[in-house]
Amino acid sequence: MSNNNAEILLKVEDLKMHFPIYRGVFQRQVGAVRAVDGISFDVYRGETLGLVGESGCGKSTTGRTILQLYKPTDGQIHFEGADLVTLHGEEMRRMRRKMQMIFQDPYASLNPRMTVEQIVGEPLMVHNVATGKEIEERVKHLLELVGLNPAFSTRYPHEFSGGQRQRVGVARALALQPSFIICDEPISALDVSIQAQVVNLLEELQEQFNLTYLFIAHDLSMVRHISKRVAVMYLGVIVELTDRDELYSSPLHPYTQALLSAVPIPDPLLDAQRKRTILEGDVPSPANPPSGCRFRTRCPIAQSLCAESRPEFREVKPGHFVACHLVK
Amino acid sequence: MINYIIRRLLLVPLLLFGVTILIFGMLSFLQPVERLALYMRDFPKNEKVVPALIAKYDLDKPIYVQYWNWLWGKVDETGKRDGGILFGNFGYSRSASQPVVELIQRRFPATLELTIWAVAPVVLVGIWLGVQAAVHHNGWIDQAARIFSIVGTSFPTFVFGLLMLMIFYANLQWFPPGRLSDEFSKIVESATFHRYTTLITFDALLNGRFDIFLDALRHLIMPILTLSYINWATFLRVTRGSMLETLRMEYVTTARAKGLPERDVIYKHAQPNAMLPVVTLAGFSVVGLLAGAVITETVFNYPGIGSAAVRAATSLDVVAMLGFALFDGFILIVAALVVDILYALVDPRVRLS
């Protein structure tokens, strides 16, 4: 695989993020929501890694934990030679220049009291990258870069449409010239016609600045379009990770198979022919996940082995990782 | 922004007009004879005088004529104007034995002084505490704030005031009622004491009389606490709630992800946004303060506008009551104006729409 030669930008090892649950008069901890429960993966410089899964499977938590917006329960996150988990205060703050995030909801993620210039320019100011007039120039340039009229820089977020706001969010993320950007469902709050524009913008910017993306989404076709490799998450764990084409043509994990069979094919004849795997039951609670394999309660091929031990996340083919006992 | 303020200012005369109509409208429920009686110290024995007086003052005319006379006054042939609230003629208060305007002029500074001292610490410290409680959610400041705000909002003002009076005046004799001790009252009334602001604490400082300042403050402390403890509780609670909500907003996470120091995240991004409901609350609390002043000033025998209003009400001094009602209405309108302008400063969405 060509990946073996590429430089690893981000290495996540056995990352866990458990949110404690407090109950009772004395607020004793009675358990934990295991939002992310031991995941490992690498992201190579310049690639886009797609991260897909159902709502509540821990994709967004993964993104936020990598950026240390939550303090992880356990695990290591190696980024540009440092373990982010061990960084504190000023060291972490300086590291943030190199990794940024684009949020899902462009209505909630922009401070309503700040003008676009303040929003986009603030990172430059707090990291002492630019001052005064220079900030103004940089902001104008960034707005142009994301396809917004630079004259809009004195406007407030509420004066923009959803797509324009998301462009402001992209400009903000780009301001510090980061090498790594986590896109947390950046298009799912937008109209379909706008989605393509924003995705194309992200792709153009990636090419121009050699950006690395972790692209979190639940839209499988969009992930297929933008990603080089794709990781599939289920209930806090990654069940399968491989090249995009490999994943979409020959998925190995039964969950991935079910997920892909749910994607509609825009051809009624083909659609009628294919075999569909329909999952039964609901996603179990991440506060009390099933023993062994997380997916066994809904898996069409589960066996007794699956309840006994947790399947190892192993490389079954070069570059193709799966966590399933039954995949040989 | 300027446009917004001008548009808002244009509303003020309209609101004042509405207030005068409402207040004068209440008088129209009285018979002409009853209305005449309001303005007479001794009701005339001679029955013929009464209809003559009613006719002289147009009390039998339609309500809009009377309203106009009240508002604009009556100008006789010699050009002399009689009455007219627009020209500051609010009538004569029987209970205070002086014109209503003079009564308000004399009493209002005391209430203003009390209010400033009651509100300023609340706004500064109460909001700060609320923010701290939210930032350290479930910490000890938060727990203390929660208990305090429940106790504070569920304690009636008059009970609290009487309790203070019993403990600190009757038993401990720490803080006296009234506004100033007798020996200092003479100095303040004398010509050598310059009354720059008519607020005793500020004047005392400006005259360099620190002893008078301390004496005035000693008199003020109990009324201040009584008037402000409810505000402490509500400001703290509202700030805390609003701040907790704002801290969960995604742009706060964005600010953290940008690499802002936590201090800036809280005070530059979260707090200004959390201030919106607090500004609204500040507007409402002016109403509460005016009502609270009536009780507080009565309990502590404090010579402000509240205690004067109570005296006017208990002696059926309707002329003075009208004056107080108009004055209160005026203050509320000004407060609403200030709140609206503050709101526009705090929230660009209001300004531009």
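As a convention, each chain's residues are numbered from 1 in the sequence order in which they are written. Starting at A for chains and at 1 for ligands, labels are handed out in the order in which the entities are written. Restriction of local features to residues with pLDDT of at least 70 applies here, the model being predicted, together with a cutoff of 80 or more for giving and counting side-chain atom pairs; totals for whole chains, interfaces and linings are based on all residues.

A. How the structure looks around the overall build of chain A. From N to C terminus, chain A includes 11 helices and 12 strands. For 328 residues, the compact-globule estimate of 2.2 N^0.38 gives 20 Å, and the C-alpha radius of gyration of chain A, at 21 Å, lies within 12% of that figure. Dimensions of chain A, computed from C-alpha atoms along their principal axes, come out at roughly 65 × 60 × 45 Å. By residue count, 40% of the 328 residues in chain A fall in the buried class. A separation of at least 24 residues holds for 64% of the contacts in chain A among residues at least 6 apart in sequence. Helix and strand assignments follow DSSP, with helices taken as H or I runs no shorter than four residues and strands as E runs no shorter than two, numbered in order from the N terminus. The globule rule used for comparison is 2.2 Å times the number of residues to the exponent 0.38, while the radius of gyration itself is calculated over C-alpha atoms. Exposure in this text rests on C-beta crowding, where 20 or more other C-beta atoms within 10 Å of a residue's own make it buried, 12 or fewer make it exposed, and counts in between make it partly exposed. The C-beta atoms are placed from the backbone. Any two residues are considered in contact once their C-beta atoms, placed from the backbone, lie within 7 Å.

B. How the structure looks around the interface of chain A and chain B. Contact residues are listed per partner, giving 21 residues for chain A and 17 residues for chain B. Contributions of two or more residues to the side of chain A that touches chain B are made by strand 6 (99–102) and helix 3 (116–126) of chain A. Element by element, the count of residues in the side of chain A that touches chain B is highest for helix 3 of chain A, at three residues. Gly falls in the polar group here, along with every residue not listed as nonpolar (Ala, Val, Leu, Ile, Met, Phe, Trp, Tyr, Cys, Pro) or charged (Asp, Glu, Lys, Arg). Here the side of chain A that touches chain B is built from residues that sort into 10 nonpolar, five polar and six charged.

C. A look at the sheet that holds strand 6 of chain A. Residue and element names in this part refer to chain A. For two strands to pair, DSSP has to find at least two bridges joining them. Read from one edge to the other, the open sheet built from eight strands follows the order 6-7-8-3-9-10-12-11, with strand pairing classed as mixed. The open sheet terminates on both sides in strands that have one partner only, identified here as strand 6 and strand 11 (314–317). Pairs of neighbouring strands in the sheet enclose a mean axial angle of 25°, with direction left out of account. Fitted lines through C-alpha atoms serve as axes, helices being fitted only where they are in contact, and the angles separating the N-to-C directions of these axes extend from 0 to 180 degrees.

D. Quick look at the pairing of strand 9 (residues 229–234) of chain A. Residues and elements named next belong to chain A. Within strand 9, six of the six residues are buried, which leaves the element mostly enclosed by the surrounding structure. With six bridges connecting them, strand 9 and strand 10 (residues 237–243) associate as antiparallel partners. Following the sheet pairing, Val232 is matched in strand 10 by Glu240.

E. Inspection of the environment of Ile63 of chain B at higher detail. Here Ile63 of chain B shows up in helix 4 (residues 63–72). Ile63 of chain B sits 80 residues away from Gln143 of chain B along the chain, and the two C-alpha atoms are 58 Å apart.

F. Local environment of the confidence of the model for chain B. Residues and elements named next belong to chain B. You can read pLDDT as the predictor saying how much it trusts each residue, on a scale of 0 to 100. Residues with a pLDDT of 70 or more make up 99% of chain B, whose mean pLDDT is 86. Predicted confidence in chain B is weakest over helix 15 (residues 348–352), with a mean pLDDT of 74, and strongest over helix 13 (residues 305–314), with 91. Here the prediction assigns the complex a pTM of 0.78, and the interface score ipTM is 0.79.

G. Highlighting the sheet that holds strand 2 (residues 28–44) of chain A. All names here are of chain A. If you walk across this open sheet you meet the four strands as 2-1-4-5, and the pairing is antiparallel. If you trace the sheet from one side to the other, it starts and ends with strand 2 and strand 5 (82–83), each paired once. Pairing geometry for strand 1 (residues 8–23) and strand 2, over 13 bridges, is antiparallel. Bridging across to strand 2, His18 finds its partner in Arg34. Along the sheet face, helix 1 (residues 59–66) touches strand 1, strand 2 and strand 4 (74–79) and points at about 75° away from the line of strand 2.

H. Representation of the nonpolar core in the model. To define a nonpolar core, we join buried Ala, Val, Leu, Ile, Met, Phe, Trp, Tyr and Cys residues through C-beta atoms within 7 Å and take the resulting set. Grouped together as the largest cluster of nonpolar side chains are 143 residues, with contacts concentrated most on Ala171, Ile181, Phe215, Val232, Met233, Tyr234 and Ile238 of chain A. With 15 residues, helix 10 (residues 210–247) of chain B is the largest single contributor of residues to this core. Counting the residues that make up this core, at least three belong to each of domain 1 (2–93) and domain 2 (98–352) of chain B. In this view, Met233 of chain A contacts Leu51, Val52, Gly53, Cys57, Gly58, Lys59 and Ile238 of chain A; residues no more than four positions away in its chain are not counted. Note that the domain bounds were set by an automatic or database domain assignment.

I. Seen up close, the domain arrangement of chain B. Residue and element names in this part refer to chain B. Domains assigned within chain B are domain 1 (2–93) and domain 2 (98–352). Taken over C-alpha atoms, the centre of domain 1 sits 34 Å from the centre of domain 2. Contacts between the two partners involve 17 residues from domain 1 and, on the opposite side, 22 residues from domain 2. Taken together, the elements giving at least two residues each to the side of domain 1 that touches domain 2 come down to helix 1 (2–27) and strand 3 (92–93). Partitioned by chemical class, the residues of the side of domain 1 that touches domain 2 number 12 nonpolar, four polar and one charged.

J. Structural detail: helix 10 of chain B. For helix 10 of chain B, spanning 38 residues, the distance from its first C-alpha to its last is only 44 Å, which falls clearly below the expected 56 Å at 1.5 Å a residue. What is called the bend at a residue is the angle between a pair of axes, fitted to the seven residues leading up to and ending at it and to the seven starting from it. In the structure, helix 10 of chain B departs most strongly from a straight axis at Ser228 of chain B, where the bend amounts to approximately 40°. A helix is expected to span 1.5 Å for every residue after the first.

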